[in-house]
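Per-entry structural report
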There are 2 protein chains.
Amino acid sequence: MASSLISRQVALCLHKNVWLSSAGCRYVSKAAAKTQVDYDYDGPLMKTTVPGPRSQELTKQLGDIQNVGAVNFFCNYEDSRGNYLVDVDGNRMLDIYTQISSIPIGYNHPALLKMMTNPNNLSTFVNRPALGILPPENFPDKITESLLSVAPSGMTRVQTMACGSCSNENAFKSIFIWYKNKERGHNVPSEEDMSSCMINQAPGCPDLSILSFMGGFHGRTMGCLATTHSKVIHKLDVPSFDWPVAPFPRLKYPLEEFARENAQEEARCLEEVEDLIVKWRQKGKPVAGIVIEPIQAEGGDNHASPDFFRNLRNIARKHGCAFLVDEVQTGGGGTGKFWAHEHWGMDDPADVVSFSKKLLTGGYYQKDALQADKPYRIFNTWMGDPSKNLFLVEVLNVIRRENLLEEVTRSGKALLNGLYELQAQYPGLLSRARGQGTFCAIDVRDAATRDRMLVQARDKGVLLGGCGDVSIRFRPALIFKEYHVHIFLNIFNDVLAQNK
Amino acid sequence: MASSLISRQVALCLHKNVWLSSAGCRYVSKAAAKTQVDYDYDGPLMKTTVPGPRSQELTKQLGDIQNVGAVNFFCNYEDSRGNYLVDVDGNRMLDIYTQISSIPIGYNHPALLKMMTNPNNLSTFVNRPALGILPPENFPDKITESLLSVAPSGMTRVQTMACGSCSNENAFKSIFIWYKNKERGHNVPSEEDMSSCMINQAPGCPDLSILSFMGGFHGRTMGCLATTHSKVIHKLDVPSFDWPVAPFPRLKYPLEEFARENAQEEARCLEEVEDLIVKWRQKGKPVAGIVIEPIQAEGGDNHASPDFFRNLRNIARKHGCAFLVDEVQTGGGGTGKFWAHEHWGMDDPADVVSFSKKLLTGGYYQKDALQADKPYRIFNTWMGDPSKNLFLVEVLNVIRRENLLEEVTRSGKALLNGLYELQAQYPGLLSRARGQGTFCAIDVRDAATRDRMLVQARDKGVLLGGCGDVSIRFRPALIFKEYHVHIFLNIFNDVLAQNK
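What you are looking at is a predicted structure, and each value in this text was computed from that prediction instead of being measured.

In this section: the overall build of chain A. If you tally the helices and strands in chain A, you get 18 helices and 14 strands. Here chain A has a C-alpha radius of gyration of 23 Å; the compact-globule value for 500 residues is 23 Å, and the two agree. If one aligns the C-alpha atoms of chain A with their principal axes, the spans along those axes are about 75 × 60 × 45 Å. Split into buried and exposed, the 500 residues of chain A put 67% on the buried side. Nonlocal contacts in chain A, meaning residues at least 24 apart in sequence, comprise 74% of its contacts between residues at least 6 apart. Averaged over its 55 positive side-chain charges, chain A has a centre that lies 3 Å from the centre of its 55 negative ones.

Our next topic: the sheet that holds strand β13 (residues 465-467) of chain A. Residue and element names in this part refer to chain A. Pairing is antiparallel across the open sheet formed by four strands, whose spatial order is β10-β11-β14-β13. Looking along the sheet, the strands with just one partner apiece sit at the ends: β10 (430-436) and β13. Taken over all neighbouring pairs, the strand axes of this sheet differ in orientation by 30 degrees on average, direction set aside. Here β10 pairs with strand β11 (residues 439-444) via five bridges, running antiparallel. When the bridges of β11 are listed, G435 appears paired with C440.

What follows is about the confidence of the model for chain A. All names here are of chain A. Here chain A averages 93 in pLDDT, while 93% of its residues score no lower than 70. Put simply, helix α1 (residues 8-14) is where chain A has its lowest mean pLDDT, 34, and strand β4 (residues 209-213) is where it has its highest, 99. Overall, residues 1-35 carries pLDDT values under 50, and its contacts beyond four positions in sequence, including any with other chains, amount to 56 contacts. Quick note on the complex model: pTM equals 0.93, ipTM equals 0.93.

Our next topic: the packing of aromatic side chains. All told, the structure shown has 41 aromatic pairs over all chains when counted by the stated rule. Measuring from ring centre to ring centre gives 4.2 Å for A:F309 and A:W344, while their planes differ by 10 degrees; the resulting arrangement is stacked. Of this pair, A:F309 sits in helix α14 (residues 306-318) while A:W344 sits in the loop between β7 (322-326) and β8 (352-355), and the two are 35 residues apart along the sequence. Across the pair, A:W344 and A:F309 agree in class, each one buried. Ring pairing ties together the aromatic residues A:F172, A:F176, A:F241, A:W243, B:F172, B:F176, B:F241 and B:W243, which thus form one cluster. Over the aromatic face of A:W280 sits the side chain of A:K283, whose NZ or CZ is 3.8 Å from the ring centroid. Geometry around A:F439 places A:R475 over its ring, the cationic atom sitting 3.6 Å from the centre.

Looking now at helix α10 (residues 164-184) of chain B. Think of an α-helix as turning once every 3.6 residues; residues three or four places apart then point the same way. Residue and element names in this part refer to chain B. With 21 residues, α10 should reach 30 Å at 1.5 Å per residue; the first-to-last C-alpha distance of 30 Å fits that figure. The buried fraction of α10 amounts to 19 of the 21 residues, a majority that puts the element mostly inside the structure. G185, located one to two residues past α10, shows a positive phi value of around 85 degrees.

Here the focus is the state of the cysteines. A complete count under the given rule lists zero disulfides over all chains for this structure. No disulfide involves A:C205; its nearest neighbouring cysteine sulfur is the one of A:C197, lying 5.5 Å away.

Moving on to unusual backbone geometry. With an omega of 0 degrees, the peptide bond between A:V50 and A:P51 qualifies as cis. Here A:P51 is to be found in the loop between α3 (30-34) and α4 (53-63). Of note, the bond from B:Y253 into B:P254 is cis; its omega dihedral lies within 30 degrees of zero at -5 degrees. Assignment of secondary structure puts B:P254 in the loop between β5 (245-246) and α14 (259-282). Here the phi dihedral of A:Y376 falls at roughly 70 degrees; this positive angle occurs in a residue that is not glycine. Position of A:Y376 relative to the elements: it lies in the loop between β9 (362-366) and α15 (386-401). For A:Y376, a relative accessible area of 33% translates into the label partly exposed. The backbone phi angle of B:D237 is positive, close to 75 degrees, even though this residue is not glycine. Relative to the helices and strands, B:D237 is located in the loop between α13 (232-235) and β5.

A separate point is the interface of chain A and chain B. Each side of the interface is counted separately: chain A has 120 residues, and chain B has 120 residues. Taken together, the links from chain A to chain B amount to eight salt bridges. The shortest N-O distance in the salt bridge between A:D385 and B:K388 comes to 2.8 Å. Viewed at the interface, chain B and chain A are joined by 66 residue pairs in polar contact (both at pLDDT 80 or more). The leading source of residues in the side of chain A that touches chain B is helix α9 (residues 164-184) of chain A, at nine residues. Partitioned by chemical class, the residues of the side of chain A that touches chain B number 66 nonpolar, 31 polar and 23 charged.

Overlaying chain A on chain B yields an RMSD of 0.0 Å, the required transformation being a rotation through 180 degrees with an accompanying axial translation of 0.0 Å. One copy is carried onto the other by what is essentially a two-fold rotation axis. Looking at the rotation axis and the C-alpha trace of chain A, the residue lying nearest is A:M222, at 3.0 Å.

Turning next to helix α7 (residues 110-117) of chain B. Those residues of α7(B) that fall on the buried side of the exposure criterion are B:A111, B:L112, B:M115 and B:M116. One side of α7(B) holds all its buried residues, which, seen down the axis, span an arc of 140 degrees. Set apart from the buried face of α7(B) by more than 90 degrees, the exposed residues are B:K114 and B:T117. Considering only its buried residues, α7(B) is in contact with α6 (110-117) and α7 (122-126) of chain A together with α8 (122-126) and α16 (386-401) of chain B.

Quick look at the pattern of salt bridges now. Applying the stated rule across the entire model yields 60 salt bridges over all chains. Measuring nitrogen to oxygen at the nearest pair gives 2.9 Å for the salt bridge that ties A:K252 to A:E261. The class for A:E261 is partly exposed, based on a relative accessible area of 35%. The closest approach of N and O atoms between A:E407 and A:R410, which form a salt bridge, is 3.3 Å. One end of the pair is A:E407 and the other is A:R410, both in helix α16 (residues 404-425) and three residues apart, which spans about a single turn. The class of A:E407 is buried, set by a relative accessible area of 11%. What makes A:R410 partly exposed here is its relative accessible area of 39%. Each member of the salt-bridge network shares a partner with another, and the members are A:R184, A:D193, A:D373, A:K374, A:R377 and B:D237.

Cut-offs and rules
Residue positions within a chain follow its written sequence, with the count starting from 1. Whichever chain is written first becomes A and whichever ligand is written first becomes 1, with later ones labelled in order. The predicted origin of the model limits local features to residues at a pLDDT of at least 70 and limits the giving and counting of side-chain atom pairs to 80 or more, whereas totals for whole chains, interfaces and linings rest on all residues. The basis for the side-chain values is all heavy atoms of the structure; hydrogens and waters are excluded. For the purposes of this entry, the term helix denotes a DSSP run of H or I that reaches at least four residues, the term strand denotes a run of E that reaches at least two, and both are numbered from the N terminus. As a reference, a globule follows 2.2 Å times the number of residues to the power 0.38, and the radius of gyration itself is taken over C-alpha atoms. To sort residues, take the accessible area from a 1.4 Å probe on protein chains only and compare it with the maximum for the residue type: under 20% means buried, over 50% means exposed, and anything in between is partly exposed. Only heavy atoms matter for contacts: two residues are in contact if any of them lie within 4.5 Å across the pair. Charge counting treats Lys and Arg as positive and Asp and Glu as negative, with His and both chain ends excluded. A charge is said to be at NZ when it belongs to Lys, at CZ for Arg, at CG for Asp and at CD for Glu. Strands are labelled as partners when DSSP assigns at least two bridges between them. Simply put, an axis is a line fit to the C-alpha atoms, just over the touching stretch for a helix, and the angle between two N-to-C directions goes from 0 to 180 degrees. pLDDT measures the predictor's confidence residue by residue and takes values from 0 up to 100. Centres within 6.5 Å are what make two rings of Phe, Tyr or Trp a pair, Trp counting through its six-membered ring; a difference in plane orientation under 30 degrees is then read as stacked, over 60 as edge-to-face, and the rest as tilted. In our convention, an over-ring charge means Lys NZ or Arg CZ found within 6 Å of a ring centre and within 35 degrees of that ring's normal. Here the expected length of a helix is defined as 1.5 Å per residue gap, with one fewer gap than residues. The disulfide definition used here is simple: a pair of cysteine sulfur atoms within 2.5 Å. For this document, the term salt bridge refers to a Lys or Arg side-chain nitrogen within 4 Å of an Asp or Glu carboxyl oxygen. Distance and chemistry together define a polar contact, namely a pair of N or O atoms within 3.5 Å, with one atom able to donate a hydrogen and the other to accept it when in protein, and with adjacent residues in sequence counting only for side-chain atoms on both sides. By the convention adopted, Pro, Cys, Tyr, Trp, Phe, Met, Ile, Leu, Val and Ala count as nonpolar, Lys, Arg, Asp and Glu as charged, and the other residues, Gly among them, as polar. When the copies are overlaid, the least-squares fit takes in C-alpha atoms only where the residue has pLDDT of at least 70 in both copies. Think of the arc as the fan of directions from the helix axis to the C-beta atoms.

Listed below in structure tokens is the structure:
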């Protein structure tokens, strides 16, 4: 406790070991100085263990209103800056989890604060429209300037939604509607279609399915949840659909060192996908679409090769299934490209791409053919929130102006190299370091040790998240620079030393 | 076209008929002057037919990006005020639809604009937290000040969500979890529960059901959609669950004139509910919960008596089903009480009450027993949006300060009386006028006439919405006063004269 009261900055300067200087501590790095985030803090600063007394008090207060079992601590968002999250006890933590990967350019970014002070934007916050029927004048321009300016290859159509789950739910519905019209050969439902659908029965509510992958996460509403297979706690006791679940490749890392074995594993999974498509067609529950994350995030940061995704995309095409790429967590630049699927190098990567989190608004892009044929089929009251688009415009400007995707690639290399070094240093404790950009992860010996390390890191001023059974995931903002990597590595090294 | 270019205000003053003066035109009404909304406009002002040329141009532009079949016109939200929505062609319409019933105190209310200029609130907009793990310091206070200050009887727990569908999806999940733990007698899942749920199979994903009503609307994500039965277009081609659908009473209006027949109809529906509960239990798909709207809105503004709901609540209790009252459209004051279920006069009206729209944030209240037993069972990244709670605090202050629920009751009486008079005057055209507060509706001869009348009213400066097959629904803001009622009635009378 006493040591955690010492300013982290001081502690870092006092910290000495061979690894630290060879990895390039930010106090000596020239490269780091160039890319300083000027509204950022200098480093973590811890005053109490976390949660501190004020957080505990508030947790008790909120506990009378909600289940607070998942609350880590309470935040002082006013005082948070850039890569640093400040809590209500005055602790300042380097945030490498960023609100479950949903803060794109750090806390209180000047560009976002400035946008808020523009009186022309006031009305967008105060008057939330029913976007599907009464959009504001600037809506086409704003989504052109924001979402369409980063549209995935081959897609010119985008639909906003309020959150990630709603995005996938509506993407699924678009897919079902498209599939059913394709099956009919036209879009005129029969009398029987119309009467049966009103009581949830076939043929109006057809027995179609979405194929998903073990370990995948696509949200928690009931449609999405039927494609989520990452943790028991998400799914237990909730009714579901009998939809096919394929194995996701379980690869060895670093991928390039195990290319041959990994290719075999991927081939096995692809074969299983085709088998399931055939089997579910025979069961009378045809697979209308396949949904997959470019990197399984919640499920444990599981990667697959570009070849795997290209082949999977071809299988979808071959069997007439729509291909939905869920970029809710991977989208927005964390992998060093704006969309993780860009790493596959395809002109036609998907039929639908869903997003949320770092994009600040939910939604999905789709190919022309996938757009619902009639109004009100994909619809709800709000259909998103145009105030979020205003923020997104600014976020994209900052990403371009500051070349943040290049920065992410650079920081990501430093982070992954650091993780490689640490796992070489602590072979019994760490394994399977992996990542793209700063979207990195590493496995810990066991779940208990992983969980303990997360708390220890937090008490030393680094906020991290877990994923899968034994992984730590890294989800910094796009303004996470090389010198932040080194602050992290130094602290993480201390934590590892405690857990050898 | 030419006549619509005349200022509506002038047109109104020129307008003369016996009905008009007897109903109390605002130009002579003393009562109206007292309650003037000072930031409001004087009346509608139409410059073009709607959609005008600029709206058409923008619709074309947006059509390259999205399906725009449902777009009515584009809005100038900056210039909209109080009860008046201004479009991009400079038309100013009295808004009795309010973004599908989701604008509580009109456009650009000074209290909301003022809230936006408070620098202390900036950070809440700029840094959207993952509320379930890292709430802001003021979160417990803000939901106490907002949502808990209007909590339904017997409920002290509330969970925010981003929209109405997510609210109901999570309410369903809470119900399933509660039901299953009750069935188990404890909350420790078996090995089989845990392994089977990961692949969507029973017993981990149990065959439980939610009983809903024909004509009900509870959202469009796949769980909600299985309880929605209002229109084919919502449900067609989307897979669903085999859940029971009970008849909703089809009553005669005015309710007090047909008390005996209506009571019989309600008894028939309640009997059917019990039959379905028994039948679905026998099918191995027990009814874990019953979901119902206090007034079926989207399905055609169908009312039932307080007795019906009290009996239904007892049936739910008797059979061990949770009782979920969906107040997404009825909540927030439109019926003259903050929650429509308050009209039932019960101390224990529900186990769960969901909300969204006028509350500006989605979410649901629940009784202690319904709260999920473990963290992360009810969870998602954002869990709502605290910036919406800031607005809600101000909205509730305005409602209290200006006694808006009393105002709604008063305006509602004037509106319903006006509708009664009009239906007496146009018996072949209008029927079944009904309502609670300003939450009113009336039926039109047929769907084509109804749809045409909505367009005609719009071109004369009144924005209305349809619901059900042939109904017009009235969903003004809570600041809709008696003199607004008379502006509406005058214009509606013109429309009726065109459709005799």
